[in-house]
Amino acid sequence: MGDPARVNMLLSLRYDGVLTATELAHVANIAPSTASEHLAKLVAAHLVSQQKQGRKRLYTLADGDVCDLVDGVAALAMAEAATRSAQT
């Protein structure tokens, strides 16, 4: 999760459900080949699961615990942004 592209992918999966690698590359604003590398890391870390459907691979969050993790990271990011905004 240490990369902004991976965080964007996880957030997108959290709120949009099942997406293809191409769709995830688009939301992360990265090349499809780079998205494939990130997705391989997320699958290896058991944060994301993949299913083949014909020629496409569909990705989703691995389970409810990962959903909770993504929600927690999003909440921390919003709290940090609010703190920075209040300091300016």
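*Asks:* Give a detailed account of the pairing of strand β3 (residues 56-61), specifying residues and quantitative values.
*Replies:* Relative to β3, strand β1 (residues 19-20) runs antiparallel, the two sharing two bridges. From the neighbouring strand, Thr20 faces β3, where its bridge partner is Leu58. Inspection of the sheet shows strand β2 (residues 48-53) paired to β3 by six bridges, in the antiparallel sense. Each residue of the ladder has a partner; that of Val48, found in β3, is Leu61. Linking β2 back to β3 in an antiparallel pair, the connection comprises two residues, with Gly54 at a positive phi of about 65°.

*Asks:* Got a sec to walk through the pattern of salt bridges? Specific residues and values, please.
*Replies:* For the structure on display, the rule yields one salt bridge. The partner of Asp71 in a salt bridge is Arg14, with the nearest N and O atoms 2.9 Å apart. A residue pair is termed long-range when its members are at least 10 positions apart, and Asp71 in helix α4 (residues 64-87) and Arg14 in helix α1 (residues 4-16) qualify at 57 residues. Judged by relative accessible area, Arg14 falls into the partly exposed class, the value being 28%.

*Asks:* Tell me about the sheet that holds β3, residues and numbers included.
*Replies:* Strand pairs in the sheet, formed through backbone hydrogen bonds, run parallel or antiparallel to each other. With antiparallel pairing, the three strands of this open sheet are ordered in space as β1-β3-β2. Of all the strands in the sheet, the pair left with one neighbour each is β1 and β2. Relative to the sheet, α1 contacts β1, β2 and β3, its axis offset from that of β3 by approximately 85°.

*Asks:* Please set out helix α3 (residues 32-44) residue by residue, giving values where relevant.
*Replies:* Given 3.6 residues per turn, any residue in an α-helix points the same way as the ones three and four places further on. In this model, α3 (13 residues) spans 18 Å end to end at C-alpha, consistent with the 18 Å of a helix rising 1.5 Å per residue. Burial in α3 covers these residues: Ala35, His38, Leu39 and Leu42. An end-on view of α3 places all buried positions within 100° of arc, on one side of the element. For α3, the exposed residues set more than 90 degrees away from the buried face come down to Glu37, Lys41 and Ala44. Each element contacted by the buried residues of α3 is listed here: α1, α2 (21-28), β2 and β3.

*Asks:* Account for the side chain of Ser12, with residues named and values stated.
*Replies:* Mapped onto the fold, Ser12 is located in helix α1. Those residues within four positions of Ser12 in sequence are excluded, and the remaining contacts are Gly17, Leu19, Leu24 and Val27.

Conventions and cut-offs
Residues numbered from 1 in each chain as written. Predicted model: local features only at pLDDT ≥ 70, side-chain atom pairs only at ≥ 80, totals over all residues. Heavy atoms only, no water. Pairing = 2+ DSSP bridges. Helix = DSSP H or I, 4+ residues; strand = E, 2+ residues; numbered from the N terminus. Salt bridge = Lys/Arg side-chain N within 4 Å of Asp/Glu carboxyl O. Buried < 20%, exposed > 50% of the residue type's maximum accessible area, 1.4 Å probe, protein only. Contact = heavy atoms within 4.5 Å. Axes fitted to C-alpha atoms, helices over the stretch in contact; angles between N-to-C directions. Expected span 1.5 Å × (residues − 1). Arc of directions from axis to C-beta.

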